[in-house]
Amino acid sequence: MNFFKFDFSSELLILGERFKKGQYRPVITTIPYSQITGALQAKFGNSKNADKSKQIHACGHFLYKDEDEFKENHIKTLTYSPRNRSTDTSIIPIYTEYLHRVKGEVYLKENEDVKEILSQKGEISFWMGGLKSKGFGECKLINKEIVPRADSREGELNTRLPLFKLNDANFEAGKEEIEKLVEEGKPTRFLHDVFGIERVKTANFGYLFEPTSETDGKYVLSLFEGSIVEAPGFLLKIKGEKKMEDQTEDVAAKVIEEIKKNVNIESIKQRSNKFLNTVGDIFEKEGPTMTRAFLKEKKSRRGMEQQAETLLHVLGIIEKYPSIDRKTARFIIKSLISIKEV
Amino acid sequence: MVEDELIPELHDIGKLIDWETINPDIKGHNFENVNMNNIIHIQEPSNKTWKGIKLHHKKSGDIDIFILKLADHIASGISRALPEDVKDRINRIFKWDKIPGTDDDKLRRFLIDELNISWADESSFIKSSENKIILSSKGKFVDITRDDITKKAILRIHDGRTYELSILKNKEDEIEIHRQKIDKSFQKLWNERPKNSELFSTKDQLKEIIEYIKKDNSGELFLANDLFHKKLLSTPEDQMPPMNITSLYTHSKLVGKLYYFFKPLVTDINCENNLLQFRSSDESINVQNAERKWDLGRNIKNAETNWDIKLLYCKINFPDYQARVRDLNIFELLKKELEKLSKAKNVILQTSDQFLAFLPVDKKIDDLVKPFIEKGFNIYVEEAITKLQEATPTPRAIKQRKMNTGLSIDGNSNFDVQFSCYTKYKYMEPLIDPHICEICQLAPASEPPWIDEGLVENICVSCRKIREYDESVAPQLKDWYQSEQLSKVAWIKIYLDINLLSDILKKLYKSYSDKYIKDIDLKAEIEQKDLYELHFSVLTEFQQDYDDFLIDFNKKIEYKFKLENIQPILNDFICVKIERTSQIKDILEIYNQLFTNYFPQLKDQKSPVTLSISVSNVKFAFFRHWKNFENPKNDVNVNLIGRGEMHLSLNLLEKLIHEFKIPASKQLHKLAKISEASEKLAKVLVYDRGDYRVYESVRVLSNKIDFKTILTYAKIMGDEE
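Residues numbered from 1 in each chain as written. Chains lettered and ligands numbered in written order. Predicted model: local features only at pLDDT ≥ 70, side-chain atom pairs only at ≥ 80, totals over all residues. Heavy atoms only, no water.

A. Expanded view of the overall build of chain B. If you tally the helices and strands in chain B, you get 26 helices and 23 strands. When the 721 residues of chain B are sorted by exposure, 55% land in the buried category. For chain B, contacts bridging at least 24 residues in sequence account for 69% of all contacts bridging at least 6. Looking at chain B as shown, the accessible area adds up to about 32300 Å², and 47% of this sits on carbon and sulfur atoms. (Helix = DSSP H or I, 4+ residues; strand = E, 2+ residues; numbered from the N terminus. Buried < 20%, exposed > 50% of the residue type's maximum accessible area, 1.4 Å probe, protein only. Contact = heavy atoms within 4.5 Å. Areas by Shrake-Rupley, 256 points an atom, 1.4 Å probe, with all protein chains shown as cover.)

Next comes the structure, spelled out in structure tokens:
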């Protein structure tokens, strides 16, 4: 049993729960089977590959070091209001959470049909989730490698998987099978044969939507994240395991860290703030090019070489981050002496 | 009035009597060798309760007394598997004949550790006479003189200090020197202010007690009776430190519960091989054997080490998408079910969302949790099946113990602990046709949809019933929602983590015991067998204080904010309407003050009791607040929705409240604005020379408290008048 492993990314994504009180849609923080599989089947399910695309079984999760930081930095809220066309007025506002600049991993069960569909290498672009008409949902998959099914271990499920599939004789499940899962922890055929789940110790149940036609579908009993299972590692949230470096949004923090690490601030510590203020003001008003020119000129003056050199170095670091606006850059320059204390 | 049935709660009533004052010849609490006629000129009672009081430490052929004894063991504060001579060994300093000899080190340790005689290891002990031991070095001396008539020994030190010690003879007739008896006070592990017992010390009071026993009043009445209530609360179940950690009140109450739990299960006693058996009450028993001579001492141990029992930890959850005020009716349903649960004999401990319970091994949990499941809750369960003696205090602790030691208490054989965890749900349909309920998302939506305020919601039968349950469950909240839509509310949740409580109390108990258990061999023996494990009674003792703490907290919040601004939901969950976010400081101060009063010893470590506050506009979706309460990150957690969060320990909270000087609003605004773009940049501002003085308090605190917390607190206090 092998799986294709993909790196997943998206700038704006709405993987939502159902609307609450008709007004609020919270976002979920994993990539459920239904969403990713549905999206890939829609992408590859043209008439040529319609049957083959039904063999796509995928799931995934987002990468983050700290769940709370992920929620803070990558979940935003959008307020929008549908318009009543006849009166041309806004109807009650709707709040939807969305995921912003997220990265993750997606695993796709390998089989001959899927291999054929995914014969292209490189990036796969597709659309997933809600409000696609408003620009949400563009996703990218980059094929990384084929991973064999690793030994099962016990852990918390990190995705959402249906217990069975509709209209697929191989993966149907009757009441008995479901009861066995609940009472004895025995996984259904779908969970075992497709994703290699050996045992379900504690089930966290929910429902995932499976379309049965263009306009209809059913909610299928599913295992949600937080269930304790014995399964291959990629399905699990392993506590303490570092998934990736902080995808911090705080660009200023990155600039400051880099300055602290690479710049010899001591050389300007003894000097007055006047020079720093001047450089900061020039940067804000005239931009980096004029500032560079100013500093090069200062470099040629006796007693100013070291300071100017240091500030040129700082300027180089700031320029590496184009999202830093001039006002922020001015503040950083003016506060260089204090940066070391932070 | 109960007709001649054994009232288990009264079994230790004798511990409320100060026999030293009434009649020093009488020892113990079982009225042994007590002639009532001679002392108080009345006949002693003849009912079963009196029998239970007298015989629950003795051999008896009575099944009820056997059950009482069993319940007494299980309900003790700490393990009764401690060595029998533990009390003697705690107080014993040395054996007279072993000096000089094998007890030299023990005496030396006593002199150094407890009397500050640091030079005690410079010299050797000598016996100058049969009754005198001397230790001397360079002009300094200690001598111990024994007086067998007064049964006292006097310890003299060269600097003029003297101490009185006790002389006791052990079973082997050896002379032992003991520390003077310690005060018989009741000590709570989380609050080191000891409570001194108030015992009955006159013959008239003794007469009153005997007359009371004759009346066969119920256990509940006994515990609530004005005559006994306070005394029960201030008297320890076991007077000897470090066993004095449970009150007689808690112990008696728990014995009552356990007695009534065991009683229907023990329908027969099989005397074969002196083994006693639990029988399921479903089995029909034919008791023929009239000749029963039981060695009850051994048989209690047999019961504890051979009988299996199921211990359950349960957490009550509900699908957390309450959108409307009416959806909060679910808390009213929860309250009602919890009230019923508290009366169950097998439920030992409970909070607003967790409980600990016993079940016979052959019984499933379904009946116990059915009322909750039917109302739409789901129950997370941790279950351990183990021997009766091991079934304490929580399934998780039992599992941990097994992993640590892998041995049973007597070290003879492994015990088999079965540990499992699962969630009990209402029946889940494998397939649901659209629409699915928007609130619980676990059931099909029913017709017609719920239409309100122009919004259409699809909800299931169960969630609809909750919405329609009662108009007035949260009337204040409804008012604010409808008529004061711009008002701010603070949701306040206090949470007690039972599993963490058990761990923390165990640590506290070890520290407390170390003060009294000086005997190194005894300490090693206790540690090796992991006998520091606390029993339920300590947890239930804590719960009493916790419940009082909650009552006090609610009262003080009511006083501070006025009744019309409070919406109580549960005893540990309220909503407060606030004018300004700076009023949160008042809530924090009240909490801190009460916590320090009730649980001072918990302040120095991660607390099992946490406070979470979530603040927003009154119309903000409730379930978002509830999500903030799910996993408290620290002792104190405050979430200003959309503006920031703070999570900190109680010790740091005090520093924050009392030491933090809020910068002027202009600077505060500047700091807040910059922090929205970059927290790091905000930190730089705080250290910047330009505003160095302004942000001094921020700088000082940022060494101890994380910057985000300080900023959020600054935002909270930003609108202070």
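B. Focus on the pattern of salt bridges. Residues and elements named next belong to chain B. The tally for this structure, following the rule as stated, stands at 51 salt bridges over all chains. Of the charged contacts in the structure, one is a salt bridge between Lys704 and Glu659, with a shortest N-O distance of 3.8 Å. Here Lys704 is found in the loop between helix H25 (696-701) and helix H26 (707-717), whereas its partner Glu659 is found in helix H22 (residues 650-659), with 45 residues between them in sequence. The partly exposed category is assigned to Glu659, whose relative accessible area is 41%. Residues participating in the shared-partner salt-bridge network are Arg324, Asp327, Asp452, Glu457 and Arg467. (Salt bridge = Lys/Arg side-chain N within 4 Å of Asp/Glu carboxyl O.)

C. Structural view of the confidence of the model for chain A. Per-residue confidence for chain A averages 84 on the pLDDT scale, and 91% of its residues sit at or above 70. Segment residues 242-246 of chain A is flagged for pLDDT under 50; beyond a separation of four residues in sequence, or across chains, it makes nine contacts in the model. (pLDDT = per-residue confidence, 0-100.)

D. Summary view of the sheet that holds strand S12 (residues 199-202) of chain A. All names here are of chain A. The strand order S12-S15-S10-S16 describes an open sheet built from four strands, whose pairing is antiparallel. Either end of the sheet is taken by a strand with one partner, and the two such strands are S12 and strand S16 (236-237). The pairing of strand S10 (residues 152-157) with S16 spans two bridges and is antiparallel. Bridging from a neighbouring strand, Glu156 pairs with Lys237 of S16. (Pairing = 2+ DSSP bridges.)

E. Just the sheet that holds strand S3 (residues 132-137) of chain B, in detail. Residues and elements named next belong to chain B. Strands sit in the order S1-S7-S6-S5-S4-S3-S2 across an open sheet of seven strands; the sheet is antiparallel. Of all the strands in the sheet, just strand S1 (92-95) and strand S2 (125-129) have a single pairing partner and so form its edges. On average, each strand axis in the sheet is tilted by 25° relative to the strand beside it, whichever way the strands run. Relative to strand S4 (residues 140-147), S3 runs antiparallel, the two sharing six bridges. The residue of S4 that forms the bridge with Leu135 is Val142. (Axes fitted to C-alpha atoms, helices over the stretch in contact; angles between N-to-C directions.)

F. Spotlight on the packing of aromatic side chains. Inspection of the entire model under this criterion finds 55 aromatic pairs over all chains. Taken together, the aromatic side chains of Phe318(B), Phe331(B), Phe355(B), Phe372(B), Phe377(B), Trp491(B), Phe573(B), Phe622(B), Trp626(B) and Phe629(B) make up a single cluster linked through ring pairs. One cation-aromatic arrangement involves Arg160(A) over Phe224(A); the distance from NZ or CZ to the ring centre is 4.0 Å. Its end group placed over the ring of Phe200(B), Lys231(B) keeps NZ or CZ at 4.9 Å from the ring centre. (Phe/Tyr/Trp six-rings, centres within 6.5 Å; stacked < 30°, edge-to-face > 60°. Lys NZ or Arg CZ within 6 Å of the ring centre and 35° of its normal.)

G. Looking closely at the interface of chain B and chain A. Facing the 43 residues of chain B at the interface are 49 residues of chain A. When the two sides are added together, the surface that chain B and chain A hide from each other amounts to roughly 3800 Å², 60% of it contributed by carbon and sulfur. Run the count over chain B and chain A and you get three salt bridges. Between Lys680(B) and Glu257(A) there is a salt bridge whose closest N-O contact spans 2.4 Å. (Buried area = accessible area lost by both parts, 1.4 Å probe.)

H. Seen up close, the state of the cysteines. Evaluated as defined, the whole model comprises zero disulfides over all chains. No disulfide involves Cys314(B); its sulfur sits 12 Å from the nearest other cysteine sulfur, which is in Cys421(B). (Disulfide = S-S within 2.5 Å.)

I. Region of interest: empty space enclosed by the protein. Residues and elements named next belong to chain B. With the rule as written, the count across this model stands at five cavities of 30 Å³ or more. The space that makes up the largest cavity amounts to roughly 110 Å³. Along the walls of the largest cavity sit 16 residues, with Val325, Tyr481, Val618, Phe620 and Phe622 positioned nearest its centre. Looking at the lining of the largest cavity, the elements that each hand over two or more residues are helix H16 (475-483), strand S18 (488-496), strand S21 (609-617) and helix H21 (622-630). The residue makeup of the lining of the largest cavity, split by class, is 11 nonpolar, three polar and two charged. (1 Å grid on protein atoms, 1.4 Å probe; cavity = no way out; pocket = protein on both sides within 12 Å on 5 of 7 lines; lining within 4 Å. Points joined across faces, edges and corners; volume = space filled by probe spheres on them. Nonpolar A, V, L, I, M, F, W, Y, C, P; charged D, E, K, R; others polar.)

J. Main features of the pairing of strand S9 (residues 138-148) of chain A. All names here are of chain A. Both strand S1 (residues 2-13) and S9 contribute to a ladder of nine bridges, which runs antiparallel. Bridging from a neighbouring strand, Lys5 pairs with Glu145 of S9. Strand direction decides the pairing type here: strand S8 (residues 123-127) and S9, joined by five bridges, are antiparallel. What sits directly across from Ser125, in S9, is Lys140.

K. Structural detail: the packing of helix H9 (residues 273-286) of chain A against helix H12 (residues 326-334) of chain A. All names here are of chain A. Interaxial distance between H9 and H12 falls to 8 Å at its minimum, and their mutual angle equals 170°. On the basis of the axis angle, H9 is roughly antiparallel to H12. Listed contacts from H12 to Leu276, Asn277, Val279, Gly280, Asp281, Phe283, Glu284, Lys285 and Glu286 of H9 are Arg326, Lys327, Ala329, Arg330, Ile333 and Lys334. When grouped by side-chain class, the residues that make up the contact of H9 with H12 number five nonpolar, two polar and eight charged. (Parallel < 35°, antiparallel > 145°, perpendicular 65-115°, else oblique.)

L. Fine view of the nonpolar core. Residues and elements named next belong to chain B. Residues Phe549 and Leu588 are the most contacted members of the largest nonpolar core, which totals 136 residues. Residue contributions to this core peak at 10 residues, all from helix H19 (residues 536-561). Setting aside residues no more than four positions away along its own chain, Phe549 makes contact with Ile494, Tyr591, Leu594, Phe595, Tyr598, Phe599 and Val609. (Core = buried A, V, L, I, M, F, W, Y, C linked by side-chain atoms within 4.5 Å.)

M. Up close: the side chain of Asn158(A). Residue position: Asn158(A) is located in the loop between S10 and strand S11 (161-162). With near-sequence residues (within four places) excluded, Asn158(A) lies in contact with Thr30(A), Gly60(A), His61(A), Glu225(A), Leu235(A), Leu236(A) and Lys237(A).

N. Highlighting the side chain of Asp238(B). All names here are of chain B. One can find Asp238 in the loop between helix H9 (226-234) and helix H10 (248-262). The exposure class of Asp238 is buried, given its relative accessible area of 18%. At a separation of 3.1 Å, a polar atom in the side chain of Asp238 contacts the main-chain amide nitrogen of Met240. (Polar contact = N/O pair within 3.5 Å; in protein donor to acceptor, adjacent residues only side chain to side chain.)

O. Quick look at the environment of Ser124(B). Residue and element names in this part refer to chain B. Relative to the helices and strands, Ser124 resides in the loop between helix H6 (104-115) and S2. Sequence-wise, Ser124 and Ser137 are 13 residues apart; in three dimensions their C-alpha atoms are separated by 8.8 Å. Contacts of Ser124, omitting those with residues within four sequence positions, involve Ile134 and Leu135.

P. Structural context of the packing of helix H4 (residues 63-74) of chain B against H10(B). Residues and elements named next belong to chain B. Relative orientation of the contacting elements H4 and H10 amounts to 130°, with a least axis distance of 8 Å. Between H4 and H10, the angle is such that the two are oblique. Seen from above, H4 lies across H10 with right-handed handedness. Where H4 abuts H10, its residues Asp64, Ile67, Leu68, Leu70, Ala71, Asp72 and Ile74 lie against His251, Val255, Leu258, Tyr259 and Phe262. In terms of residue class, the contact of H4 with H10 is made up of nine nonpolar, one polar and two charged. (Left-handed = near helix turned anticlockwise from the far one by under 90°.)

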